[in-house]
Amino acid sequence: MAKDKKLVEQITSMEEDFAQWYTDVVKKAELIDYTSVKGCMVIKPAGYAIWENIQSLLDHRFKETGVQNVYLPLFIPESLLRKESELVQGFAPEVAWVTQGGEEPLQERLCVRPTSETLFSDFYKNDVHSYRDLPKNYNQWCSVVRWEKTTRPFLRSREFLWQEGHTVHATKEESEARTQLMLNVYADFAEEDMAIPVVRGQKTEKEKFAGAVATYTIEALMHDGQALQCGPSHNFGDKFARAYGIQFTDKDNQLKYAYQTSWGMTTRMIGAMIMVHGDDSGLVIPPRIAPVQVMVIPIQQKKEGVLEAATKIAEELADHGIRTRLDDSDKSPGWKFSEQEMRGIPIRVEMGPKDLEAGKAVLVRRDTRAKVEVNLNEIAQAAADLLNTIQHDMLEKARAHQIAHTYTATSKEEFEKISSTEHGFFRAMWCGDRACEDKIKDDYGITSRCIPFAQEKVSDVCVCCGKPAKHLVYWGRAY
Ligand SMILES: [Zn+2]
C-alpha cells in the first residue's frame with residue numbers, strides 16, 4: 001500500500017504551500033513540461049486534450065453568434081504597431097522583436113504579435129468599404145508572445161495559446177452590443193462548461209486594456225482566495241479606425257469611421273480549472289471538458305471473466321458517447337486509483353470478481369469520492385447521469401467557496417481589517433478617483449478587479465478617501 005500511495009505523496013498539500021501544490025499538480029498530472037526556452041512550456045497530451053475541449057466548446061459558442069475564423073500573420077511591422085500610441089505604450093515593455101532574416105539585418109524591425117489589433121485594423125482598412133461589408137465578426141486561434149519577467153505554467157508564460165476575436169461594425173451601439181455579448185459568452189462558458197463561477201463587470205480606467213474605450217471582464221476566485229481575470233472583452237469605439245483609417249460609405253452616402261471590439265480567452269483557463277477545482281490528490285476536471293470522463297479499473301483482473309466484463313463496460317460506456325478508458329495495465333488497483341485521481345478523471349468504475357458475480361459495479365466520484373453501486377445493465381445511464389450531477393455540483397461547490405470568501409467593507413477601518421486578515425474578493429465603495437485606486441494598491445497590494453454590473457450601495461463613501469462614492473468595486477489580490 002505504501003507503494004500505491006506514493007504518487008499522491010509527491011504532491012505538496014494545498015494548505016502547506018499553494019504555489020508548490022500548483023506546480024506539483026501540473027507536473028505530476030503530466031499537463032506540461034519545462035523547456036530550454038525560458039518562460040515557455042511543452043503542453044503534454046493530457047494538457048493539450050483539455051485545451052482541445054476548451055477550444056471546441058468555445059468555438060461552437062462563438063459560431064452560434066455568427067463568428068468566423070481567420071488567420072493573420074505572426075509578425076507586425078514596427079511602423080504599423082506605432083500608429084496607435086496607447087497600444088504601443090501598453091505593450092512596449094513585453095514585445096519581442098525580430099531584427100534579422102537569415103544573415104541580413106531587416107530594414108524594419110518586426111514584432112512577434114503580443115495581440116493583433118494592429119493587423120486586424122490594417123486588414124479591415126482594405127476589406128471594409130461600404131456598410132454592406134459590415135459587420136465582420138472574425139476570430140483567430142493562435143499563439144502570442146509577451147516577454148514576461150516572471151512566468152508560471154498556464155497562468156503567465158512568454159508564449160501562450162489563445163483565441164482573439166476582432167470585430168468591426170457600422171455603429172457604436174453595435175460594437176457595444178458585441179462587446180457585451182462576447183463577455184456573456186465567456187461567462188456562460190466558464191460557468192456551464194468549466195464549472196467556474198464568475199463576477200461580470202467593467203474594468204476601471206486604470207485596469208482597462210490599452211487603447212480601449214471600455215473593457216469588460218469576468219473575474220474568478222481561486223481556492224487560495226486570489227482572483228484571476230478569465231476573459232476580457234474590449235470596446236474600442238472608433239479609436240483604432242481613426243488611427244488606421246478604416247472608413248466606409250454608410251447608407252446616407254457619408255464616409256464614416258468603423259467601430260471595433262476585441263476579446264480573448266487563453267490557456268490560462270486551464271490554470272483556473274486547476275486552482276478552482278483541484279485538491280490534495282491532484283486535478284479535478286469538470287466532466288464537460290474532461291478528455292477522459294470515466295476510467296474503468298478491473299480488480300483482480302487475472303480472475304476469470306473480470307477483464308472481459310470490464311472491457312464490455314468500457315465499450316458500452318463509449319457507445320453511449322462517454323469518453324471512457326480501461327486501465328488493464330499490470331499496476332495494482334491502488335496505484336491505478338491514485339493515478340486516476342491525480343489526473344482528475346471524473347468517475348472511476350471499480351469492478352472485481354464479487355461485483356461480476358452480483359451483476360454490479362461501483363462508480364466512484366472524483367469530486368466527492370462518494371461511491372455508488374449500480375447494476376451492470378444500467379451502468380451507461382447511471383454514469384451519464386452521474387457526470388451531469390458532478391458537473392452541477394462542482395459549480396455549486398465553487399460558488400459556495402466564492403460566496404464564503406467574498407467580504408464587504410463599509411468603512412476604511414473595515415477595509416483595512418478584512419483585507420489584512422482574509423483572502424478573497426473585497427466588496428467596497430469607491431469614489432472613482434485613480435489616486436484612491438493607486439493608494440489601495442500601494443498600501444495593501446490590492447487591485448480593483450471590476451465594477452460589477454450588479455451594483456449595490458453598501459455605503460455612501462469611498463473606503464479610501466471618505467468622499468462620496470460612485471461605484472461598488474470588487475477588489476482582490478490577483479494572479
Ligand atoms: Zn476615494
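Everything below is about the structure shown above.
Residues numbered from 1 in each chain as written. Predicted model: local features only at pLDDT ≥ 70, side-chain atom pairs only at ≥ 80, totals over all residues. Heavy atoms only, no water.

**Some details on the coordination of the zinc ion**
Then, in step 1: The protein atoms donating to the zinc ion are Cys431 (SG), Cys436 (SG), Cys462 (SG) and Cys465 (SG), with metal-donor distances spanning 2.3 to 2.4 Å.
Then, in step 2: The site at the zinc ion holds four donor atoms, and with the angles between them running 104 to 118 degrees, its shape is tetrahedral.
Then, in step 3: Along the chain, the residues that donate to the zinc ion are spaced as C-x4-C-x25-C-x2-C.
Then, in step 4: For Cys462, a relative accessible area of 3% puts it in the buried group. (Donors = N, O, S within 2.8 Å, 3.2 Å for Na, K, Ca; no water. Tetrahedral: all angles 85-135°; square planar, octahedral: opposite > 155°, others 65-115°. Buried < 20%, exposed > 50% of the residue type's maximum accessible area, 1.4 Å probe, protein only.)

**Observations concerning the pattern of salt bridges**
Then, in step 1: Applying the stated criterion across every chain yields a total of 36 salt bridges.
Then, in step 2: The residue Glu339 makes a salt bridge to Arg343 at a minimum N-O spacing of 3.7 Å.
Then, in step 3: Judged by its relative accessible area of 16%, Glu339 falls in the buried class.
Then, in step 4: The residue Asp443 makes a salt bridge to Lys439 at a minimum N-O spacing of 2.6 Å. Residue Asp443 and its partner Lys439 are both found in helix α15 (residues 434-444); the two are separated by four residues, about one turn of the helix.
Then, in step 5: When its relative accessible area of 38% is taken as the criterion, Lys439 is described as partly exposed.
Then, in step 6: It is possible to trace a salt-bridge network through shared partners that takes in Glu30, Lys44, Lys331, Glu339 and Arg343. (Salt bridge = Lys/Arg side-chain N within 4 Å of Asp/Glu carboxyl O. Helix = DSSP H or I, 4+ residues; strand = E, 2+ residues; numbered from the N terminus.)

**Side note on the sheet that holds strand β6 (residues 104-112)**
Then, in step 1: As summarised here, the arrangement of the three strands in space is β4-β6-β5, forming an open sheet in which the pairing is antiparallel. With partners counted over all chains shown, the strands left at the sheet margins are β4 (75-77) and β5 (96-101), one partner each. Pairwise comparison of adjacent strand axes, ignoring direction, gives a mean angle of 45 degrees for this sheet.
Then, in step 2: In terms of strand pairing, β4 meets β6 through three bridges, oriented antiparallel. Directly across from Pro77, in β6, lies its bridge partner Leu110. (Pairing = 2+ DSSP bridges. Axes fitted to C-alpha atoms, helices over the stretch in contact; angles between N-to-C directions.)

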